[in-house]
Amino acid sequence: MFFTRPLARLIEEFQKFPGVGPKSAQRMAFHVLDLSAEDAQALTEAITEAKEKVKHCNTCFHLSAQDPCEICVDSRRDQQVVCVVADPKDVIAFERTREYRGQYHVLTGLISPLDGKGPDKLSIRQLLARLQNETIKEVIMAINPTVEGDATVLYLSQLIKPAGIKLSRIAFGLPMGSDLEYADDMTLSKSLEGRREI
Amino acid sequence: MKVTQLKLEDFRNYKNLVVDFADGKNIIIGDNAQGKSNLLEAIELCASGKSSRAEQDFDFIRWGSNACKLLLSFDASGAEETISIALAQQNEPNKLLSTRSGRLQKVIKVNGVKQTSVRGLLGRIPFVSFTSNDLGLLRAGPKFRREWIDGIAVRLKPSHHDVLSNYAKTVAQRNRLLKLFAERGRMNVSDQDELLVWDKQLTRFAIAVIKMRLKVLAELLPLAQEIQSHLSRADELLCIDYALRTGRTYSEDFREQEESDQGEEQALNSSFADLHSMPDLELAKILARLLKQLRGEELRRKQSLVGPHRDDLQVRLNGASAIAFASQGQQRSIVLALKMAELKQLSETTGQTPILLLDDVLAELDPARQALLLSAIGQPMQTIITTTHLSGFDPKWLEGARIMTVNNGQIVSKEETSAP
Ligand SMILES: Nc1ncnc2c1ncn2[C@@H]1O[C@H](COP(=O)(O)OP(=O)(O)O)[C@@H](O)[C@H]1O
Ligand SMILES: [Mg+2]
Ligand SMILES: [Zn+2]
């Protein structure tokens, strides 16, 4: 054995992180060993606190230490429009733009039978309840145009459309600063689908 | 388009290989199991990201090794470009090194730039490969013909790769759902909604896959017909039907067709011209009807039984099924005509001269046909040919060829025959 047991264990834990291979895991573990006792303590506390306090908001399913979350309780935000996303990371991406001022609903995943994800595993029931009980008039689906993303949008639109709520999906297309000539067909046809009048 | 050099490290039975190719004919001679096909496979892998022989990427790595590297240099209108593929086994820290399992890291680079997916290398090296296996194109199972036509489609239009992979993903997702519902025994309303979603997804990608196959056929067939009638020096009319399958096995369908020459099944074996001109909506309706008809059977078999992954191409000569009625010789002519048409279509569509990879097949053709194949597009092509012996070749034809002998994963000799 190259590493003494506690060190090997730490490396193994780091290696479970997304995108972390054996080498980076080793580097991270050695970094932890180099930390001062206080810094190491701060790290374990940060992990414990985040794990303990950060939960799903029971309304929108975004991650937050409070329930309802900061976004849901903000009365200055538009109460009539909800943006449906797959993941809390998508909420953060939208918030960063400071453009969107409506509500969110995080599905906590996409429909994917291969991953054991049926509609019942997502927060779809709760979304439908919100549409019924709140003042929402418009739903914007901000879901990636993948096989699973499209399936999820289809499923949701089957359920939402009959309710007479305005339904749209964000456009996908060319990244800013890119060149039409080099865009692939999928992206081009997606952006053509999502074109709008000027 | 020319490939100039191939470098292999621990690929199949090659520990270390550097081979330079001539612009014209390259002939690789060797006894059986020396690595001739492996060499062509390496080129095909770099050009298409795929091999028709390997079941899994692990197969590419030389036994006893845990990584392999391929580097193909090619000349794209004057500029030297490269494609490289590196596979490395990612071992779990506490597993034995020798297990051929676990994760395989794959790094694809084009001109040294890392690509996020195999899509990045597609369409850079137009090629047609013709192996002795292809001679059985008509007799092989339907999967062989589907892969053949889809392979052409991707070489003509690289972005079609995404359509095919989305379709395959959809079928896999839908199969899992069918399995789930079959095991649960009963479907509630929400289950039906969910299956409906995957029906819609399946239909949408199915139409894209089928339409592309029909488009490829519509261009390919006239070219093949012309070559075929030239080859046979007779009025033989070559036709290809696109058969929308209903999920039964090929032989079941075939038997049934012989028994009764009518019915739904027959109606669906429309000539591709009819299907080709069919609006998407009509095609969607046919698929919807089949999906409805076969729902029970799908749940019993826990498999998607409708869609292009079950379809087939049926080749007819003067109206009669070529598998049933054409002679061995005629069947070979048909395959040759199709392959030559493939070359023509690819060179016309891409505006480039494709590379021709011939594995163990040229010596099986008579000298007249050898010459015809190699002049298929009317201008000199780079060809890489494998064979066990030179005796089957026209001596005149060997003039100006680079002849290399491969033995147990090494090139042991190289000679340049004098130019004509
Ligand atoms: N991953 C591998 N590692 C080492 N040898 C391999 C591997 N895969 C195939 N081979 C060997 O390669 C040889 C087959 O090479 P191939 O190119 O098909 O022969 P041929 O010259 O007849 O075309 C066989 O001897 C087989 O055992
Ligand atoms: Mg071989
Ligand atoms: Zn909330």
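Residues numbered from 1 in each chain as written. Chains lettered and ligands numbered in written order. Predicted model: local features only at pLDDT ≥ 70, side-chain atom pairs only at ≥ 80, totals over all residues. Heavy atoms only, no water.

J.: Help me understand the overall build of chain A, please; the structure alone is not making it clear to me.
T.: Secondary structure summary: chain A contains 8 helices and 6 strands in total. Helices and strands appear in chain A in the N-to-C order α-α-α-β-β-α-β-α-β-α-β-α-β-α. Taken over the C-alpha trace, chain A has a radius of gyration of 21 Å; the compact-globule value for 198 residues is 16 Å, which it surpasses by more than 25%. Considered along the principal axes of its C-alpha atoms, chain A spans approximately 65 × 45 × 35 Å. Every one of the 198 residues in chain A was classed for burial, and the buried ones make up 34%. Here the analysis covers contacts within chain A between residues at least 6 apart in sequence; of these, 47% occur between residues at least 24 apart. Counting only carbon and sulfur atoms, one obtains 55% of the accessible surface of chain A, whose full area is about 12,800 Å². Taken together, the 25 basic and 28 acidic charged side chains of chain A have centroids lying 3 Å from each other. (Helix = DSSP H or I, 4+ residues; strand = E, 2+ residues; numbered from the N terminus. Rg over C-alpha atoms; globule rule 2.2 N^0.38 Å. Buried < 20%, exposed > 50% of the residue type's maximum accessible area, 1.4 Å probe, protein only. Contact = heavy atoms within 4.5 Å. Areas by Shrake-Rupley, 256 points an atom, 1.4 Å probe, with all protein chains shown as cover. Lys, Arg positive; Asp, Glu negative; His and termini not counted. Charge placed at Lys NZ, Arg CZ, Asp CG, Glu CD.)

J.: Help me understand the sheet that holds strand S13 (residues 383-387) of chain B, please; the structure alone is not making it clear to me.
T.: Across a sheet, strands are paired by hydrogen bonds formed along the backbone, either parallel or antiparallel in direction. Residues and elements named next belong to chain B. Across the sheet, 6 strands lie side by side as S8-S12-S13-S3-S14-S15; this open sheet has mixed pairing. Across the chains shown, the open sheet's two edge strands, defined by having one partner strand only, are strand S8 (127-131) and strand S15 (410-416). Within the sheet, the average angular offset between the axes of one strand and its neighbour, ignoring direction, is 15 degrees. Bridge count between strand S14 (residues 402-407) and S15: 6 bridges; the pairing is antiparallel. Bridging across to S15, isoleucine 403 finds its partner in glutamate 415. On top of the sheet, helix H10 (residues 328-350) reaches S8 and strand S12 (355-359); it is set at about 170 degrees to S8, its chief contact. (Pairing = 2+ DSSP bridges. Axes fitted to C-alpha atoms, helices over the stretch in contact; angles between N-to-C directions.)

J.: Looking at this structure, how should I read the site of ligand 1?
T.: Residue and element names in this part refer to chain B. Lining the immediate surroundings of ligand 1 are 15 residues, of which Ala33, Lys36, Ser37, Asn38 and Ile61 lie closest. Here an oxygen atom of ligand 1 sits 3.1 Å away from a polar atom, N or O, in the main chain of glutamine 34. Contact with the protein chains hides 79% of the accessible area of ligand 1, taken as 580 Å² for the molecule alone. Within the shell around ligand 1, the residues separate by chemical class into 3 nonpolar, 6 polar and 6 charged. (Near = heavy atom within 4 Å. Polar contact = N/O pair within 3.5 Å; in protein donor to acceptor, adjacent residues only side chain to side chain. Nonpolar A, V, L, I, M, F, W, Y, C, P; charged D, E, K, R; others polar.)

J.: I'm lost on the coordination of the zinc ion (ligand 3) in this one. Help?
T.: Residue and element names in this part refer to chain A. The zinc ion (ligand 3) binds to the protein through Cys57 (SG), Cys60 (SG), Cys69 (SG) and Cys72 (SG); the donor distances cover 2.2 to 2.4 Å. Coordination geometry of the zinc ion (ligand 3): the 4 donor atoms subtend angles of 102 to 115 degrees at the metal centre, consistent with an arrangement described as tetrahedral. Taken in sequence order, the residues that donate to the zinc ion (ligand 3) follow the motif C-x2-C-x8-C-x2-C. Taken together, the positions of cysteine 60 in the loop between strand S1 (55-56) and strand S2 (63-64) and cysteine 72 in helix H4 (residues 70-73) put the pair 12 residues apart, joining distant regions of the chain. Like cysteine 72, cysteine 60 is buried. (Donors = N, O, S within 2.8 Å, 3.2 Å for Na, K, Ca; no water. Tetrahedral: all angles 85-135°; square planar, octahedral: opposite > 155°, others 65-115°.)

J.: For this particular structure, what's the right way to read helix H6 (residues 124-133) of chain A?
T.: Residue pairs spaced three or four apart in an α-helix point in one direction, given the helix's 3.6 residues per turn. Residue and element names in this part refer to chain A. By the burial criterion, the buried members of H6 are Ile124, Leu127, Arg130 and Leu131. Taken around the axis of H6, the buried residues stretch over an arc of 115 degrees, which confines them to a single face. Facing away from the buried side of H6, by more than 90 degrees, are the exposed residues Arg125, Gln132 and Asn133. Check the buried side of H6 and you find it contacts strand S3 (81-85), strand S4 (103-106), strand S5 (138-141) and helix H7 (147-160). (Arc of directions from axis to C-beta.)

J.: For this particular structure, what's the right way to read the side chain of threonine 152 of chain A?
T.: Residues and elements named next belong to chain A. Mapped onto the elements of the fold, threonine 152 is located in helix H7. Owing to a relative accessible area of 0%, threonine 152 belongs among the buried residues under this scheme. Beyond its immediate stretch of four places on either side in the chain, threonine 152 contacts Leu107, Leu110 and Ile111.

J.: What is the right way to read the packing of aromatic side chains from this model?
T.: Any aromatic ring pair is given by two values, namely how distant the centres are and how the planes are angled relative to each other. Tallied over the full model, the rule gives 5 aromatic pairs over all chains. Between phenylalanine 11 of chain B and phenylalanine 60 of chain B the ring centres are 5.7 Å apart and the planes differ by 15 degrees, which places this aromatic pair in the stacked class. In this pair, phenylalanine 11 of chain B sits in strand S1 (residues 2-11) while phenylalanine 60 of chain B sits in the loop between helix H1 (36-48) and strand S4 (67-76), placing the two residues 49 residues apart along the sequence. The exposure class of phenylalanine 11 of chain B is buried, given its relative accessible area of 0%. We classify phenylalanine 60 of chain B as buried; its relative accessible area is 3%. Joined through ring pairs, the aromatic side chains of Phe94, Tyr100 and Tyr104 of chain A make up one cluster. Taking NZ or CZ as reference, arginine 155 of chain B lies 5.0 Å from the ring centre of phenylalanine 127 of chain B, over its face. (Phe/Tyr/Trp six-rings, centres within 6.5 Å; stacked < 30°, edge-to-face > 60°. Lys NZ or Arg CZ within 6 Å of the ring centre and 35° of its normal.)

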